[in-house]
Amino acid sequence: MTLLGPNDPAPVLIERAAGASPFVLACDHAGRAVPESLGNLGVPASEFERHVAWDIGALGVSRVLSEHLDAVLIAQRYSRLVIDCNRPEDHPGSIPTLSERTEIPGNRDLAPAAAEARRAEILRPYQAAIAGVLEHRRQPSILVAVHSFTPVYLDEPRAWQAGVLYTPGNRLAEALLALLRQRVAPPVGDNEPYALSQTSDYTVPLQAERRGLANVELEIRQDLIADAAGQRRWALLLAELLPIAASAAGLEG
């Protein structure tokens, strides 16, 4: 079974492939495309404007950050309603039937071949692109995964401006968290509003932790980066702080 047709975009966007920075940027939920063969998944068009479909503002931040750090950027173009490229293949949320309160009828009772097509044509090429970049670089790499989160989830407001996600003992993340808390109005989340784990996350555990690479996962509140000005503001802040954090952690930044 083939999922993507000739009019569908390639699943992976790579920019600044020859970037000289040790930082490698990954944007798992950059896009909200849906393959033509899947129609609209039975989801109203308005839902594709919301956080359930993609990480609003994350690609804009990543692109400006890539430019200022001279860092390679690998981004994924398809909506996480099609398949979530930051979930292990066997995770219940890999191909969701419900996201917050949004039902995804096109994902119900999915045939095994249909689910495999999404993994084979979207998720695996994206993860393979990250692996290819990391394996062919001539210098140590620092993986930075850029995400965004909704200000209100299931009617619960989220006060954090940003969150730093990491597993214990991550000196880079701890240094970056301390710097952000000096520069950003509180609160800045320490593994909040999400916590990084081997079971719920895929990109950082698979691509960085498995290779013993320094890493950090970032979450920025979407209302702060919904427009180009906000995206630039946060990207420039991170472009300043990431190298300082890397140096504080004893890494080349």
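Here the structure is a predicted model, which means the values were calculated and not measured. Residue indices begin from 1 for each chain and proceed along its sequence in written order. Restriction of local features to residues with pLDDT of at least 70 applies here, the model being predicted, together with a cutoff of 80 or more for giving and counting side-chain atom pairs; totals for whole chains, interfaces and linings are based on all residues. Only hydrogens and water are set aside; all other atoms, that is, all heavy atoms of the structure, feed into the side-chain values.

K.L.:
Would you mind showing me how to read the overall build of the chain here?
P.N.:
In terms of helices and strands, the chain carries five helices and 11 strands. With the C-alpha coordinates of the chain rotated into their principal frame, the extents come out at 50 × 45 × 30 Å. Note on contacts: a residue pair qualifies if any of its non-hydrogen atoms lie within 4.5 Å across the two residues. Long-range contacts, defined as pairs at least 24 residues apart, comprise 81% of the intrachain contacts of the chain with a sequence gap of at least 6. Here the chain displays about 10,900 Å² of accessible surface, and carbon together with sulfur accounts for 52% of that area. Working definition: helices are DSSP H or I runs of at least four residues, strands are E runs of at least two. Numbering for both runs from the N terminus. Each accessible area value is a Shrake-Rupley result obtained with a 1.4 Å probe; residue values ignore everything except the protein chains displayed when judging cover.

K.L.:
Can you walk me through the nonpolar core in this structure?
P.N.:
Note on soluble globular proteins: their nonpolar side chains tend to be buried together. Of all hydrophobic cores here, the largest spans 44 residues; its most connected members are Leu-180, Val-216, Trp-234 and Leu-242. Residue assignment for this core shows that the elements contributing at least two residues are strand 2 (23-27), helix 1 (58-69), strand 3 (72-76), strand 6 (142-149), strand 9 (162-165), helix 3 (171-183), strand 11 (214-221) and helix 5 (228-248). Ranked by residue count, the leading element in this core is helix 5, at nine residues. When neighbours within four sequence positions are excluded, Val-216 is seen to be in contact with Leu-143, Val-144, Ala-145, Val-164, Leu-165, Leu-172, Ala-173, Leu-176 and Leu-242. What is meant by a nonpolar core is a set of buried Ala, Val, Leu, Ile, Met, Phe, Trp, Tyr and Cys residues, joined one to another through side-chain atoms within 4.5 Å. Throughout this description, buried means an accessible area under 20% of the type-specific maximum (1.4 Å probe, protein chains only), exposed means over 50%, and partly exposed covers the range between. Listed in part, the 40 residues of the second largest apolar core include Leu-4, Ile-56, Leu-81 and Tyr-202.

K.L.:
Help me understand the sheet that holds strand 6, please; the structure alone is not making it clear to me.
P.N.:
The strands making up a sheet associate through backbone hydrogen bonding, with each pair oriented either parallel or antiparallel. In this scheme, strands are said to pair when DSSP sees at least two bridges between them. With mixed pairing, seven strands are arranged side by side in an open sheet as 1-3-2-6-11-9-10. The sheet terminates laterally at strand 1 (12-15) and strand 10 (188-190), the two strands that pair on one side only. When the angles between neighbouring strand axes are averaged without regard to direction, this sheet yields 20 degrees. Where helix 1 meets the sheet, its contacts fall on strand 1, strand 2, strand 3, strand 6 and strand 11, and the angle it forms with strand 2 comes to roughly 165 degrees. Across the sheet, helix 3 is in contact with strand 6, strand 9, strand 10 and strand 11; its angle to strand 10 comes to roughly 155 degrees. Fitted lines through C-alpha atoms serve as axes, helices being fitted only where they are in contact, and the angles separating the N-to-C directions of these axes extend from 0 to 180 degrees.

K.L.:
How should the packing of helix 1 against helix 5 be read in this particular structure?
P.N.:
Any two packed helices are characterised by the angle at which their axes cross and by the distance between the axes. Where helix 1 meets helix 5, the axes come as close as 8 Å, and the angle between the chain directions of the two elements is 45 degrees. The pairing of helix 1 with helix 5 is recorded here as oblique in orientation. Handedness of the helix 1/helix 5 crossing: right-handed. Contact with helix 1, carried on its side by Gly-60, Val-61, Val-64, Leu-65, His-68 and Leu-69, involves Gln-231, Arg-232, Ala-235, Leu-236, Leu-238, Ala-239, Leu-242 and Pro-243 of helix 5 and no other residues of that element. For this classification, the nonpolar set comprises Ala, Val, Leu, Ile, Met, Phe, Trp, Tyr, Cys and Pro, the charged set comprises Asp, Glu, Lys and Arg, and every other residue, Gly included, is treated as polar. Considered class by class, the residues forming the contact of helix 1 with helix 5 number 10 nonpolar, three polar and one charged. Geometric relationships in this document are graded by angle, where less than 35 degrees denotes roughly parallel, more than 145 denotes roughly antiparallel, 65 to 115 denotes roughly perpendicular, and other angles denote oblique. Crossing chirality is assigned from the near helix's rotation relative to the far helix, an anticlockwise turn below a right angle marking it left-handed and a clockwise turn marking it right-handed.

K.L.:
When you look at the pairing of strand 2 in this model, what are you seeing that I'm missing?
P.N.:
Consecutive side chains of a regular strand alternate in pointing toward one face of the sheet and then the other. Among the five residues that make up strand 2, five are buried, leaving the element largely enclosed by the rest of the structure. Residues Phe-23, Leu-25 and Cys-27 line one face of strand 2 and the alternating positions Val-24 and Ala-26 line the opposite face, and both faces are buried. Inspection of the sheet shows strand 2 paired to strand 6 by four bridges, in the parallel sense. Bridge pairing in strand 6 links Val-24 to Leu-143. The sheet contact formed by strand 2 and strand 3 spans four bridges and is parallel. The partner of Ala-26 across the bridge, within strand 3, is Ile-74. When the strands point away from the viewer, a crossover counts as right-handed if the path from the first strand over the helix to the second runs clockwise. With helix 1 bridging strand 2 and the parallel strand 3, this β-α-β connection has right-handed handedness.

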